[in-house]
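# Commentary on secondary and tertiary structure
So you can see what is in the structure, the chains are spelled out below.
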Amino acid sequence: MLQPRILIPFTIATLIWGSTWFVIRGQLGVVPPTWSVAYRFLIGAATMFAWARYTRAPLDIGRPGQIFAVLFGLAQFVMNFNFIYRAEDQITSGLVAVVFALLIVPNAIFGRIFLKAPLSSRFLAGSGIALVGVALLIVQEVRRDGSSTEATLFGTTLTVLGLMSASVANIMQGTKQARALPMASVLAWGMLWGGLMNAVLGLATVGPPVIETHALYWAGVVYLGVFASAIAFTAYFSVIRAIGPARAAYSGVLTPILAMLLSTLFENYRWTALAAAGGAVAMVGLLVALGGKRIATGR
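The following refers to the structure shown. All of these numbers come straight from a predicted model, not from anything done at the bench.

About the criteria used
Residues numbered from 1 in each chain as written. Predicted model: local features only at pLDDT ≥ 70, side-chain atom pairs only at ≥ 80, totals over all residues. Heavy atoms only, no water. Helix = DSSP H or I, 4+ residues; strand = E, 2+ residues; numbered from the N terminus. Rg over C-alpha atoms; globule rule 2.2 N^0.38 Å. Buried < 20%, exposed > 50% of the residue type's maximum accessible area, 1.4 Å probe, protein only. Contact = heavy atoms within 4.5 Å. Expected span 1.5 Å × (residues − 1). Bend = angle between axes of the 7 residues up to and from the residue.

With that settled, the discussion passes to the overall build of the protein chain. Of regular secondary structure, the protein chain possesses 13 helices and zero strands. Shown N-terminal to C-terminal, the secondary structure of the protein chain runs as helices and strands in the order α-α-α-α-α-α-α-α-α-α-α-α-α. Its C-alpha radius of gyration of 18 Å places the protein chain within 12% of the 19 Å reference for a compact globule of 299 residues. Across its three principal axes, the protein chain shows a C-alpha extent of roughly 45 × 45 × 30 Å. Here the protein chain holds 299 residues, and the buried ones make up 54% of them.

Set out below in structure tokens:
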């Protein structure tokens, strides 16, 4: 079974990210996605630098550490989120969330190739079951998505590109180099570099910063920067360092189910037999994959 030091951060990241799909939707409109991503991670970086200072984590991570932070920031905080924000401009947040649950696939494959992470028969069986559940959820969300066929295909493609970028960053956090660096410091620098790269990308593609005057937009930016970035990524990457990227990616399997539950409470989401079956099957897969007596670390 998962130990509290793994279960607690796993739960924190999952609960927070279950709500972010709706919040990201509210970021679209007046402010171009690249600038919204830049604002988010500059706020996240400020939060992480304050946390690093409070915990006395060394901010001097050396030249190799800075190179790692730049590459990590590019994959996680630039490419991943620019793809995701643009995907939500094409298709529903629910469809983006369930497609992103497929993160478990590249994480497992890349983890095996680059980290030599063991993949037990129990984990593979559970993952197969979970992916059947995810497939049912994808079918359900495609049916209820009001986008055109072209928009659905384009939005899904953007989501897949986003999850591949996220998978690269996940694998980076599972390396020996990442484990040798303080988590708070790496995330602080990674978010800072990511925020600055997004700002440069914004200037190059859409022009100067666009400022939204609506308070709800900025409340969303702060929530995404502090909770969904600084807190959730700290929790999630600690899980990756403990049990490996493949098992940590199960957070993404639970996220769309939680998002649907929240939508039921606040947006009158109506569960169909297909959605209920998909959620139930995904949960069974999770219990099978992570319910063994011993969890391999992937180190």
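More follows now that the structure is in view.
It is worth spelling out the side chain of Thr92 at this point. Turning to its location among the elements, Thr92 is positioned in the loop between helix H3 (62-87) and helix H4 (93-100). Judged by relative accessible area, which is 19%, Thr92 ranks as buried. Apart from residues lying up to four places away in sequence, Thr92 is in contact with Arg25, Glu141 and Asp145.

Turning next to helix H6 (residues 121-144). In a regular helix each residue adds 1.5 Å, so 24 residues correspond to 34 Å; H6 covers 35 Å between its end C-alpha atoms and thus fits that length. If you check which residues of H6 are buried, you get Phe123, Gly126, Ser127, Ala130, Gly133, Val134, Leu137, Ile138, Gln140 and Glu141. Tucked inside the fold, the buried residues of H6 contact H4, helix H5 (104-115), helix H11 (245-248), helix H12 (250-266) and helix H13 (273-290).

Counted at 1.5 Å a residue, the expected span for helix H10 (residues 215-243) with its 29 residues is 42 Å, and the 40 Å between its end C-alpha atoms agrees. Of all the bends in H10, the greatest measures close to 35° and is centred on Ala232. Taken from the residues just after H10, Gly244 is the one with a positive phi, measuring 95°.

By themselves, these figures tell us nothing about what the structure is for.
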